[in-house]
Structures are given as C-alpha cells and as structure tokens.
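What the coordinates show
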Amino acid sequence: MANVEKMIAETFLEMAQGLESGSYGKRPKIALTGMGSEHGEENAMKAALMAAKDGVDVYYIGSLEAEGVTTVKVADDEEGHKKMEEMLANGEVDGAVTMHFPFPIGVSTVGRVVTPAKGREMFVANTTGTSSADRIEGMIKNTIYGIIAAKTCGIANPTVGILNVDGARQTEKALKELQENGYDITFAESARADGGCVMRGNDVLQGTPDIMVTDSLTGNILVKMLSSAATGGSFEATGYGYGPGIGEGYEQLVMIVSRASGAPVIAGAIRYAAQLVRNKVFEVAKAEFAAAKKAGLKKILDARKAAAKPAAAEEDVKEPPKEIVTAQIAGIEVMDLEDAVKALWKINIYAESGMGCTGPIIRVSDANLEKAHEELKKAGYIN
C-alpha cells in the first residue's frame, strides 16, 4: 500500500512539474561542475538556473547555492571532478556537463551549434576526443556518432555532409560503400553550384547538412568560432557546446563545454544532455552500431587499415599482463599513439592510449612512468 501511495505521489508531482515547465515525464538529473570557467562560478550557476526552468533537475557541483538547483559543495575543481565521476558511477545523476574529461580512444563528442546564416541547428561530428588513431577511420566513425546524436534529438532521417578537409574523399567513398551495403545514410547536397556531399565553408555558415562530419580538431575550432563569432571569441554565446562522448559500448553521458562557454551555451549543454536522457541515447547507439556492423563496417575499416599499411608485414607485438594505469604521459602525436603504446609493450611495459584534456596521452603504472617516458623519448615519440 505504501508503494502505491508513493507511486501516486510521484505521478502527481511529475504532473505538477510538467504543468509548470511544459516538460512531462521523469525529470533528467544532470550534474554540472561549476568551477574552472574563465567567466567565474556565477556564470555556471546562471546556466544551471536557466536549465532548471526547463524540466531538468540540475546538481550544481561547486560552492554557490541558489533556489531551484541542488548544490553539491566542493572545495575546488579537482574535488568537483571526482565528485562528478562518483555521482555518475553511483547512478545519482543521469549525465554530467563539465569543462574537460579524459575520454578513452574510440570515444569522441558530437557538438551542436546554431549556424549564423540561417539560424539553423547543426551537429558537428566530432569536436573533442578521438574516435580512432587513424584519421579516415575516425571520420567514418564520427559519422555514425553524429547520426546517433541527431536521431536521439528527434531528427529521424538526418542528412550527412563531409567537410572538405584532408581525407574527405576517402571518407565519402567508405560511407557510400556502407550505404550500398544497407546502412541508412542520407547525404546532404552542398549549397554551392557543383553540389555533392563534400561541404564547403559556405555550408558551415548555412548549416546545409544536419551533421557536419570532420576530424575532432577541426570540429573543435568550428564550435568555438560558431559559438563566439559575435563576441570576439572570449565568450561562447550560442549553441549547445561540444556535446556528449559517444563510442561503441560506452555508456556514460558526459557533455563537454569550454572554459570560454557563457551561461547560454552551458544551459544549452544541460538541455542537450536532458534530451539525450529522455530519448535513450544508449539504446539508439546500440541500434546504430548493430546496423553499421550488419552493413560491413568492420570489413570496410579493415580494408582501410590494410591500404594504409606499408608493404612490409607489421610486427606482431603481444600485450603484456594488464596493470592499473594511473600515470599519464602527454605530448604524443595522435597518429603515433598506437605505435607508441606498442613500443612500450615491446619492452614489457603495459600501457593504454587515451585522451586527456590537453590532447592524446599514454597511461602507465606509477612504477613504470619514468622508464616509459625515457623509452618514448628515445624512440622519438615525445620531445
């Protein structure tokens, strides 16, 4: 009986909240780390209050308090990050918005912007993290990640354009093969007279495709420029930030914003997170990855790797026994990351690749840090 009464009470509460906010159903719980912004904590709290009015339960991790937002008190940015990860791991929140996060290789973020020419929303795939150490493979995967984000946000048949950067034509060829094999991709047509699915700068400004595919570094620049074009670059004023980390088998909703993100963008990121929670992003992801696999994604990627290899057979290096890796080595070119890992495996040092807040990293145990750093320097992977 008590459970029935509790269910009834929760139902009436949801109805009341729905009438107030215009958003019905269970309210997504989204954490926001408020420390570390170039615009101060007040900027982040303002964003939390803006998003809370739209049917989101915001958990503000910082030192400020305000009515309508739940504050989780922490002393500094480092403690705030630890608390955010703890809340995600414990299921206290459905997702989080933060300014930096070390995604593993294979996971990268899908940004969402408002383009200036026509005020049209566009997903930028991708903007932080690295989908693959191979540039072309990364852009192929970015396309799938972008489709996942766009479909979860209510675009049933999103159009895909590939930015005219290095590797665009190879990416186009692979994606069209995937399409011919049965994977559902709708390619956009450039607004320029010669058309095609390879997009120009004009298409970026107009938001020609629903999803603009590019490499993460270029995507990061696009989001920064589009979000702060009217403010001189120091204050990101429009859009939804750098988006959620997406990757096969990855089921932790972490959204990225910048230290330059203003309250409107941070609030947009919280709303973006809430939309992904409500529409079950990880279920959409599973379905898209399954469809891409069925259409021969692995075969296409394997063929891509084989074509990129030198004629000589690649040396088979065995992975050493796994260890707990807590130390980080930065300063490695992303294209050399996997080779650097194997160079350490070769001398029996267990290592993993990853992506830190400042770029690619290799993770090793504390005990092996000095030796690994020495070896990578000797091999020319770091200066």
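That block above? That's the structure.
Notes on the structure follow. (Residues numbered from 1 in each chain as written. Predicted model: local features only at pLDDT ≥ 70, side-chain atom pairs only at ≥ 80, totals over all residues. Heavy atoms only, no water.)

**Section: helix 9 (residues 281-294)**
We apply this condition: Secondary structure follows DSSP: runs of H or I at least 4 residues long count as helices, runs of E at least 2 residues long count as strands, and numbering of each begins at the N terminus. Expected span of a helix: the number of residues minus one, times 1.5 Å. Only protein chains enter the accessibility calculation, which uses a 1.4 Å probe. A residue is then buried if its area is under 20% of the maximum for its type, exposed if over 50%, and partly exposed in between. Relevant arc is that of directions from the helix axis to the C-beta atoms, nothing else.
For helix 9, which comprises 14 residues, the first-to-last C-alpha distance of 20 Å matches the rise-based estimate of 20 Å (1.5 Å per residue) to within 8%. Those residues of helix 9 lying buried are V281, V284, A285, E288, F289 and A292. Buried residues along helix 9 cover an arc of 130° about the axis, so they all sit on one side. Structural note: helix 9 exposes E283, K286, K293 and K294 on the side pointing more than 90 degrees away from its buried face. G296 lies just past helix 9 and shows a positive phi near 90°.

**Some thoughts on a negative patch on the surface**
To be explicit about the condition: Each patch is built from residues that are more than 30% exposed by relative accessible area and take part in no salt bridge. Like charges join if they lie within 9 Å; nonpolar side chains (Val, Leu, Ile, Met, Phe, Trp, Tyr) join within 5 Å. In this description, accessible areas are obtained by the Shrake-Rupley approach with a 1.4 Å probe, and a residue is regarded as covered only by the protein chains that are shown. Salt bridges are counted wherever a side-chain nitrogen of Lys or Arg sits within 4 Å of a carboxyl oxygen of Asp or Glu. Under this rule, positive means Lys or Arg and negative means Asp or Glu; His and the chain ends count for nothing. Where a charge lies is defined by one atom per residue type: Lys uses NZ, Arg uses CZ, Asp uses CG and Glu uses CD.
Together, E333, D336, E338 and D339 make up a negatively charged patch on the protein surface. Turning to its location among the elements, D336 is positioned in the loop between strand 13 (327-330) and helix 11 (337-346).

**Some thoughts on the pattern of salt bridges**
By the definition in use, this model includes 21 salt bridges. Here E65 makes a salt bridge to K73, at a shortest N to O gap of 3.3 Å. In this structure, R135 and D215 form a salt bridge, with 3.2 Å as the shortest nitrogen-oxygen distance. Pair noted here: R135 is in helix 4 (residues 135-152) and D215 is in the loop between strand 10 (211-213) and helix 7 (216-228), with a separation of 80 residues, a long-range link. Exposure remark for R135: the relative accessible area of 24% places this residue in the partly exposed category.

**Describing unusual backbone geometry**
Here the residue pair A125 and N126 is connected by a cis peptide bond, since its omega of 10° sits within 30 degrees of zero. For N126, the location among the structural elements is in strand 6 (residues 121-130). Although it is not a glycine, K280 adopts a positive phi angle of roughly 60°. Considering the arrangement of structural elements, one finds K280 in the loop between helix 8 (263-278) and helix 9.

**A short note on the environment of A229**
With respect to the secondary-structure elements, A229 resides in the loop between helix 7 and strand 11 (243-246). For A229, a relative accessible area of 64% translates into the label exposed. Note: C-alpha distance between A229 and R278 (49 residues apart in sequence) is 31 Å.

**Overview of the packing of helix 2 (residues 41-52) against helix 8**
The test is simple: Every axis in this analysis is a line fitted to C-alpha atoms, fitted for helices over the stretch in contact. Angles between the N-to-C directions lie between 0 and 180 degrees. Between 65 and 115 degrees an angle is taken as roughly perpendicular, under 35 as roughly parallel, over 145 as roughly antiparallel, and anywhere else as oblique. In a left-handed crossing the near helix is turned counterclockwise from the far helix by less than a right angle, and in a right-handed crossing that turn is clockwise. Two residues qualify as a contact provided that any one of their heavy atoms is within 4.5 Å of a heavy atom in the partner residue. Just so you know the grouping, Ala, Val, Leu, Ile, Met, Phe, Trp, Tyr, Cys and Pro go in nonpolar, Asp, Glu, Lys and Arg go in charged, and all remaining residues, Gly too, go in polar.
As a packed pair, helix 2 and helix 8 sit with axes 8 Å apart at the nearest point and diverge in direction by 45°. Taken together, the axis directions place helix 2 and helix 8 in an arrangement best described as oblique. Here the hand of the crossing between helix 2 and helix 8 comes out right-handed. Residue-level inspection shows N43, A44, K46, A47, A48, M50 and A51 of helix 2 in contact with helix 8, the latter providing A263, P264, I266, A267, I270 and R271. Here the residues of the contact of helix 2 with helix 8 are counted per class, giving 10 nonpolar, one polar and two charged.

**Examining the side chain of E375**
Note on placement: E375 falls in helix 12 (residues 369-378). Exposure remark for E375: the relative accessible area of 18% places this residue in the buried category. In this view, E375 contacts L344 and I347; residues no more than four positions away in its chain are not counted.

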